[in-house]
Amino acid sequence: MGVFSKIKSTLSKTASFLTFGLSNAITKKKLDEDTIENIKEVLILSGIDVDTSSKIISEISKKRFDKESSVDDVKNLISLSIQSIITPLTTTLEKKGSPYVIMLVGINGTGKTSTAGKIGNFFSKQGHKVLIAACDTFRAAAQEQMEIIAKRAHCSVILAQKEKQDPSSIVFEAMDHAIKNDFDILILDTAGRIHSNSNLMDQLKKHVKVLKKLNDHAPHECILIADALTGSNLMKQTEAFKETIGLNGLIMTKLDSSSKGGILVSIASKYKLKIYGIGTGEKIDDFIPLNPKEFADAIVGLDT
Ligand SMILES: Nc1nc2c(ncn2[C@@H]2O[C@H](COP(=O)(O)OP(=O)(O)OP(=O)(O)O)[C@@H](O)[C@H]2O)c(=O)[nH]1
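Residues numbered from 1 in each chain as written. Predicted model: local features only at pLDDT ≥ 70, side-chain atom pairs only at ≥ 80, totals over all residues. Heavy atoms only, no water.

Mapped onto the present numbering, the UniProt feature "domain: AAA+ ATPase" (unreviewed entry) falls on residues 98-279. In residues 98-279, helix accounts for 42% and strand for 20%; the two terminal C-alpha atoms are 26 Å from one another. (UniProt positions renumbered as here; feature names shortened; annotations may be inferred. Helix = DSSP H or I, 4+ residues; strand = E, 2+ residues; numbered from the N terminus.)

What follows deals with the site of the ligand. The immediate surroundings of the ligand are formed by 21 residues, with K112, T113, S114, D256 and E282 found nearest. Measuring from an oxygen atom of the ligand, one finds a side-chain N or O atom of D136 at 3.1 Å. In the complex, 82% of the free accessible area of the ligand, which totals 660 Å², lies under the protein chains. The biggest single contributor to the shell around the ligand is helix 6 (residues 112-124), with four residues. (Near = heavy atom within 4 Å. Polar contact = N/O pair within 3.5 Å; in protein donor to acceptor, adjacent residues only side chain to side chain. Areas by Shrake-Rupley, 256 points an atom, 1.4 Å probe, with all protein chains shown as cover.)

This part covers the packing of helix 10 (residues 233-245) against helix 11 (residues 263-271). Working note: a packed helix pair is described by the angle between its axes plus the distance between those axes. At a closest axis distance of 11 Å, the pairing of helix 10 and helix 11 adopts a crossing angle of 35°. Considering the relative orientation of helix 10 and helix 11, their crossing is right-handed. Here L234, M235, T238, E239 and K242 of helix 10 lie close against helix 11, whose contacting residues are I263, S266, I267, K270 and Y271. Considering only residue class, the contact of helix 10 with helix 11 consists of five nonpolar, two polar and three charged. (Axes fitted to C-alpha atoms, helices over the stretch in contact; angles between N-to-C directions. Left-handed = near helix turned anticlockwise from the far one by under 90°. Contact = heavy atoms within 4.5 Å. Nonpolar A, V, L, I, M, F, W, Y, C, P; charged D, E, K, R; others polar.)

Remember that side chains alternate between the two faces of the sheet whenever the strand is regular. Across the six residues of strand 7 (residues 274-279), five count as buried, placing the element largely inside the fold. Taken together, the four bridges between strand 6 (residues 249-253) and strand 7 define a ladder with parallel strand orientation. The residue of strand 7 that forms the bridge with I251 is G277. Remark: the strand 6/helix 11/strand 7 crossover connection has right-handed handedness. Looking at chain direction, strand 7 and strand 8 (residues 287-288) are connected through two bridges and run antiparallel. Across the sheet, I278 pairs through a bridge with I288, a residue of strand 8. (Buried < 20%, exposed > 50% of the residue type's maximum accessible area, 1.4 Å probe, protein only. Pairing = 2+ DSSP bridges. Right-handed = clockwise from strand over helix to strand, strands pointing away.)

Here we take up the packing of aromatic side chains. For the structure shown, the criterion picks out three aromatic pairs. Centre to centre, the rings of Y100 and F123 are 6.2 Å apart; their planes meet at 85°, and the pair counts as edge-to-face. Here the residue Y100 occupies a position in strand 1 (residues 100-105), and F123 occupies one in helix 6, the gap between them amounting to 23 residues. Both residues of the pair, Y100 and F123, belong to the buried class. By way of ring pairs, the aromatic residues Y100, F122, F123 and F287 are connected into one cluster. It is K129 that lies over the ring of F183; its NZ or CZ is 4.7 Å from the centre. (Phe/Tyr/Trp six-rings, centres within 6.5 Å; stacked < 30°, edge-to-face > 60°. Lys NZ or Arg CZ within 6 Å of the ring centre and 35° of its normal.)

So, on to the side chain of S69. When you line up the elements, S69 lands in the loop between helix 4 (50-64) and helix 5 (71-86). Here S69 falls in the buried class, since its relative accessible area comes to 8%. Of the polar contacts made by the side chain of S69, one reaches the side chain of R64; its length is 3.0 Å.

For the rest of this paragraph, the subject is the sheet that holds strand 6. The eight strands are arranged 3-2-4-1-5-6-7-8 in an open sheet whose pairing can be described as mixed. Each having just a single partner strand, strand 3 (156-158) and strand 8 make up the two edges of the open sheet. Along the sheet face, helix 8 (residues 167-180) touches strand 1, strand 2 (130-134), strand 3 and strand 4 (185-189) and points at about 165° away from the line of strand 2. Running at roughly 165° to strand 5 (residues 221-227), helix 10 makes contact with strand 1, strand 5 and strand 6 of the sheet.

In structure tokens, the structure reads:
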């Protein structure tokens, strides 16, 4: 499957939702105030927050108010607005340090372990030497899960040596091992934590402190793994992780299962996070960097 068709199938639930909603909202020939208000409601229901929806709506009003407009005309304008919002935020993962240290954080079950494997696979396919550290010592099966996934991704792995080991000690061991053994990439799979638990959030600060003892620039990337099925609570989570640890990026998972894929646009723009890619399923290859035009066209269900 080509990358565009992969994005299209990943976003098909949101695209169907938007297509259905817009077809119901646009019943008159010309766009009047009521129709525009209905379009805004559809955008909000697709996961785009109120402020961002208002911005998109004001663009549509400027260009099409009182003019004859089809569903596809409106979809095109929504796509252009989304592109202008996400283009400055979209980037690809590229090795920028040695080792290039990527820390994955997020609440429980968002897809951190799976994404560690997917990113490891992404880099190992480019010929990089990749080490993944299983820093989750809370969830019983996490260590074994990481070991299996790392093997599938052709990456080396550092596991806990004993039960309930201090996760920061695994961070230290992994960083030390990566430096001494010339690894190109180090991916830290941290334990899931509820953003309102200050002890667990403080533990992330300790991870960073430990890394900085060995390399002042690490972690080079601190990426929130955000679950598209979370809904509006994702705003609070993002805020908390950003405040505690200074997130700089975002990877959204489970867009393939959600009809509210617009949440990606909201989170990235509100918190100025770089979008490194999206999860497109449960397999090791199910990670793709984002192309803003392809994403925006796919989310509104435009065939380009
Ligand atoms: N459909 C779909 N499922 C995903 C995606 N990413 C992860 N998953 C699934 O989500 C579930 C949780 O993934 P994990 O990687 O174990 O999540 P985690 O964040 O490491 O979990 P904790 O360590 O408990 O916080 C698994 O069943 C994954 O297969 C995705 O992009 N799409």
